[in-house]
Amino acid sequence: MQYKLSYLPLLKIVLSLIAGILLIDIFSIPFTVSLVATILLMIFLLISHFTISNSTTKIINSIIIYSLVFMVGGLMITNKKYNNQKNHFSNYNALFAKGIIIKPLEEKDKSFKTVISVEQVIDSINTIKHTSGNLLVYIKKDSMLSTLEIGDEVLFQLNYKPVEGPKNIGQFNYKH
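Residues numbered from 1 in each chain as written. Predicted model: local features only at pLDDT ≥ 70, side-chain atom pairs only at ≥ 80, totals over all residues. Heavy atoms only, no water.

Asker: Can you walk me through the overall build of the protein chain in this structure?
Answerer: Helix and strand counts for the protein chain stand at 3 helices and 6 strands. Its helices and strands in sequence order give the protein chain the pattern α-α-α-β-β-β-β-β-β, from N to C terminus. Its C-alpha atoms give the protein chain a radius of gyration of 23 Å, clearly above 16 Å, the size a compact globule of 176 residues would have. Summarising its shape, the C-alpha atoms of the protein chain cover approximately 75 × 45 × 30 Å along the three principal directions. Classification of the 176 residues of the protein chain by burial places 23% in the buried group. Sequence-distant contacts in the protein chain: of pairs separated by 6 or more residues, those separated by 24 or more amount to 60%. For the protein chain, the computed accessible surface area is about 13,100 Å², with 63% contributed by carbon and sulfur atoms. Here the protein chain carries 17 positive and 11 negative side-chain charges, and the mean point of each set is 15 Å from the other. (Helix = DSSP H or I, 4+ residues; strand = E, 2+ residues; numbered from the N terminus. Rg over C-alpha atoms; globule rule 2.2 N^0.38 Å. Buried < 20%, exposed > 50% of the residue type's maximum accessible area, 1.4 Å probe, protein only. Contact = heavy atoms within 4.5 Å. Areas by Shrake-Rupley, 256 points an atom, 1.4 Å probe, with all protein chains shown as cover. Lys, Arg positive; Asp, Glu negative; His and termini not counted. Charge placed at Lys NZ, Arg CZ, Asp CG, Glu CD.)

Asker: I'm lost on the packing of helix H1 (residues 9-26) against helix H3 (residues 55-80) in this one. Help?
Answerer: Between two packed helices, both the angle of their axes relative to each other and the distance between the axes serve to describe the pair. At a minimum axis separation of 7 Å, H1 and H3 run at an interaxial angle of 45°. Taken together, the axes of H1 and H3 lie oblique to each other. Crossing of H1 over H3 shows right-handed handedness. Contacts between H1 and H3 pair Pro 9, Lys 12, Ile 13, Ser 16, Leu 17, Ala 19, Gly 20, Ile 21, Leu 23, Ile 24 and Asp 25 from the former with Tyr 66, Val 69, Phe 70, Met 71, Val 72, Gly 73, Gly 74, Met 76, Ile 77 and Thr 78 from the latter. Among the residues making up the contact of H1 with H3, the classes are represented as 14 nonpolar, 5 polar and 2 charged. (Axes fitted to C-alpha atoms, helices over the stretch in contact; angles between N-to-C directions. Parallel < 35°, antiparallel > 145°, perpendicular 65-115°, else oblique. Left-handed = near helix turned anticlockwise from the far one by under 90°. Nonpolar A, V, L, I, M, F, W, Y, C, P; charged D, E, K, R; others polar.)

Asker: Can you help me understand the pattern of salt bridges in this one?
Answerer: Pairing is possible between side chains of opposite charge, provided their charged atoms come close. On inspection of all chains with the given rule, the structure shows 3 salt bridges. A salt bridge links Glu 153 to Lys 98; the nearest nitrogen and oxygen atoms lie 3.9 Å apart. A residue pair is termed long-range when its members are at least 10 positions apart, and Glu 153 in strand E6 (residues 153-157) and Lys 98 in strand E1 (residues 96-101) qualify at 55 residues. Residue Glu 107 is joined to Lys 141 by a salt bridge in which the shortest nitrogen-to-oxygen separation is 2.8 Å. Pair noted here: Glu 107 is in strand E2 (residues 106-107) and Lys 141 is in the loop between strand E5 (134-140) and E6, with a separation of 34 residues, a long-range link. Taking relative accessible area as the criterion, Glu 107 reaches 56% and is therefore assigned exposed. A relative accessible area of 36% places Lys 141 in the partly exposed class. (Salt bridge = Lys/Arg side-chain N within 4 Å of Asp/Glu carboxyl O.)

Okay, here's the thing in C-alpha cells:
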C-alpha cells in the first residue's frame, strides 16, 4: 500500500512549521520582516478564500496556507531571540544589574554556578532601566555566598560576555 501526502494533512502542516523554524533561524531573517510577510500572507489568504472557484484557486489557497504556517514558525523562533527583545539587558550599556536567583547554586571547584533573572540595569549616571533576560553566572567562592537561595535578590557588577559557539564540529551549541 502506498501512502500519499494528501492523506496526511497534519503532517504537511507540521513539516512547513518546522521548515519555517529552521530556515528563518539559519538565514537570520529579522522579526519585522517576518511579521510583515505574515500579515501580508494573512491578507492574501482572506482574499483568496472568498475567491475560490476552481481547482487552480484551491491550489493557490493551499500554497498560501502552507506559506503562512511557514512564516508563523519563523515568527516563533525570531521572537525568542534576545536581540529582538528591546528590553533585554544586553541592549543597555550598564555598569550594574539587579536580579533574582532562579536556579539553586551549584558548587564548582573555585566558584558557584547559578542563573539570575535580570530585572533592572543601572548605568553610569545611576539611571535605572527595567529589563528582562536570564544570565548564567559564576560567582567566586565565599562563605557568605553559600547561603544564597532561589528567590534572593542580588545587585552585581554587570560584566558579561556572550556565549561562544562550538569550536569543534558536532559539538553541542550552547549559543543557540
